[in-house]
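An overview of the molecular structure
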Amino acid sequence: MVTRTADPAKKKLWLAAIKPPMYSVAIMPIWVGTAIAYAETGVLHLAIFATFLISAILILAWENLSNDVFDSETGVDVNKANSLVNLTGNKSLIFWSGNFCLATGLMGIGAIAFWQQDLTVIGLILACCALGYIYQGPPFRLSYQGWGEFLCFFAFGPVAFAAVYYSQTKSWSVTNFAASVIIGLVTSLILFCSHFNQVEDDAAVGKKSPVVRLGSQRSAQLLPWICATIYGLTVMGIVAQLFPVWTLLVFISCPYAVKLCRFIGSHYHEPAKLLYCRFIAVALHFWTGLMLGVGFMLEAMWG
């Protein structure tokens, strides 16, 4: 009986460590940026789209694996049961697995640059990787100074979107930039929400996350304003005639925003209950990104 109850618990920890839902963070910039390029130019290179998608997932896997390694070195994850380093007991394995994912992902981006005979895309993605490294890697560890959300915003927002749009069109777009602000913001929101359950561990090792700096209560009070900004920017994009009216489909994600704000608002003082609140934020991110891209695709098809 002990074995039967322990195995599902172990499986749950592994799933939490691998974080399959989190990979929508890599997928959405590719999806939305490509949808905007198609809506604006009628161009859709499926081979580039597929290669970029796989490469982005691999690069995010590198970031997640290396972050586990770097966190294990500072002691911030000492009580984190779903850390891959803690689960395997093999920091070297996780480190080199991450490096393999990075190298493979960059090979895909290199292929896109070769097809285009242009190094712009690989330059932009290397900038994203640099932002990902200084987020947690030594000697920078800027996330420990509270800069993680800003780095996340640029890496998964404007810089990533610029690379995706350029990979399809070899040009730039104001509309693409405007959409990147929305996705960058909702991506940073996932990171912001992940701090609530580990605020004590963060504070103990000197990690000054926004939740540590502001306090859990004030951080929880900030959430509704962040969520309102996501929808407000969408409406502003439509009013400015940058976005098609179809992008109002983004409001389908609103129930997740409400759920997130209410849940954290009610339990901000109970860190143990907030372990999986980030996955509500991931659902908000997924539906926001999916519907934003669908809005542009519908505009491309039906006008």
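Residues numbered from 1 in each chain as written. Predicted model: local features only at pLDDT ≥ 70, side-chain atom pairs only at ≥ 80, totals over all residues. Heavy atoms only, no water.

Under the counting rule described, the total for this entry stands at 12 aromatic pairs. Aromatic pair Trp147 and Phe150: ring centres 5.3 Å apart, planes at 50 degrees, arrangement tilted. Within the aromatic cluster, the residues linked to one another by ring pairs are Phe70, Tyr133 and Phe140. Lying over the aromatic face of Tyr144, Lys207 brings its terminal NZ or CZ to 5.1 Å of the ring centre. (Phe/Tyr/Trp six-rings, centres within 6.5 Å; stacked < 30°, edge-to-face > 60°. Lys NZ or Arg CZ within 6 Å of the ring centre and 35° of its normal.)

Turning to the nonpolar core, a few remarks are in order. Counting residues in each nonpolar core, the largest one holds 82 residues, and the members touching the most others are Phe52, Ile125, Leu189 and Ile264. Ignoring any residue separated from it by four or fewer positions in sequence, one finds Ile264 in contact with Cys193, Phe196, Ala220, Leu223, Leu274 and Cys277. (Core = buried A, V, L, I, M, F, W, Y, C linked by side-chain atoms within 4.5 Å. Buried < 20%, exposed > 50% of the residue type's maximum accessible area, 1.4 Å probe, protein only. Contact = heavy atoms within 4.5 Å.)

Relative orientation and spacing of two packed helices are given, respectively, by the angle between their axes and the distance between those axes. Closest axis-to-axis distance for the helix α2 (residues 24-41)/helix α9 (residues 174-194) pair is 10 Å, and the angle between their directions is 165 degrees. Here α9 runs roughly antiparallel to α2, going by the angle between their axes. As α2 packs across α9, the resulting crossing turns out to be right-handed. Here Val25, Val32, Gly33, Ile36 and Glu40 of α2 come into contact with α9, specifically with Thr175, Asn176, Ala179, Thr187 and Ile190. Residues that form the contact of α2 with α9 fall into these classes: five nonpolar, four polar and one charged. (Axes fitted to C-alpha atoms, helices over the stretch in contact; angles between N-to-C directions. Helix = DSSP H or I, 4+ residues; strand = E, 2+ residues; numbered from the N terminus. Parallel < 35°, antiparallel > 145°, perpendicular 65-115°, else oblique. Left-handed = near helix turned anticlockwise from the far one by under 90°. Nonpolar A, V, L, I, M, F, W, Y, C, P; charged D, E, K, R; others polar.)

Once that is clear, we can look at the environment of Leu102. Inspection of the secondary structure puts Leu102 in helix α5 (residues 91-116). Judged by relative accessible area, which is 18%, Leu102 ranks as buried. Once the C-alpha coordinates of Leu102 and Cys129 are considered, the two residues, 27 residues apart in sequence, prove to be 8.9 Å apart. Among all residues touching Leu102, those that are not within four sequence positions of it are Leu58, Ile59, Trp62 and Cys129.

A few words on the confidence of the model for the chain. Per-residue pLDDT for the chain averages 90, and the proportion of residues at 70 or more is 90%. Taken element by element, the predicted model of the chain shows its lowest mean pLDDT in helix α1 (residues 2-18) (56) and its highest in helix α8 (residues 158-169) (98). Taken together, the stretch residues 1-6 has pLDDT below 50 and engages in zero contacts with residues farther than four places along the chain or on a different chain. (pLDDT = per-residue confidence, 0-100.)

As used here, a disulfide is simply a covalent bond connecting the sulfur atoms of two cysteines. For the structure on display, the rule yields zero disulfides. Of the cysteine sulfurs around Cys254, a residue in no disulfide, the closest is that of Cys227, at 8.3 Å. Not engaged in a disulfide, the cysteine Cys277 finds its nearest cysteine sulfur in Cys193; these two sulfurs lie 5.4 Å apart. Classification of Cys277 by relative accessible area gives buried; the value is 1%. (Disulfide = S-S within 2.5 Å.)

With that settled, the discussion passes to α8. Relative to the 16 Å expected for 12 residues at 1.5 Å per residue, α8 spans 16 Å between its end C-alpha atoms, a close match to the ideal helical length. Among the residues of α8, Pro158, Val159, Ala160, Phe161, Ala162, Ala163, Val164, Tyr165, Tyr166, Ser167, Gln168 and Thr169 are the ones counted as buried. Buried residues along α8 sit in contact with α2, α3 (46-74), α5, α6 (120-136), α7 (148-156) and α9. Positive backbone phi, approximately 55 degrees, marks Lys170, located one or two places after α8. (Expected span 1.5 Å × (residues − 1).)

Attention now goes to unusual backbone geometry. The linkage connecting Pro138 with the following residue, Pro139, adopts the cis geometry, with an omega of 0 degrees. Relative to the helices and strands, Pro139 resides in the loop between α6 and α7. For Arg141, which is not a glycine, the phi torsion comes out positive at approximately 45 degrees. Residue position: Arg141 is located in the loop between α6 and α7. Residue Arg141 is classed as buried on the basis of its relative accessible area of 17%.

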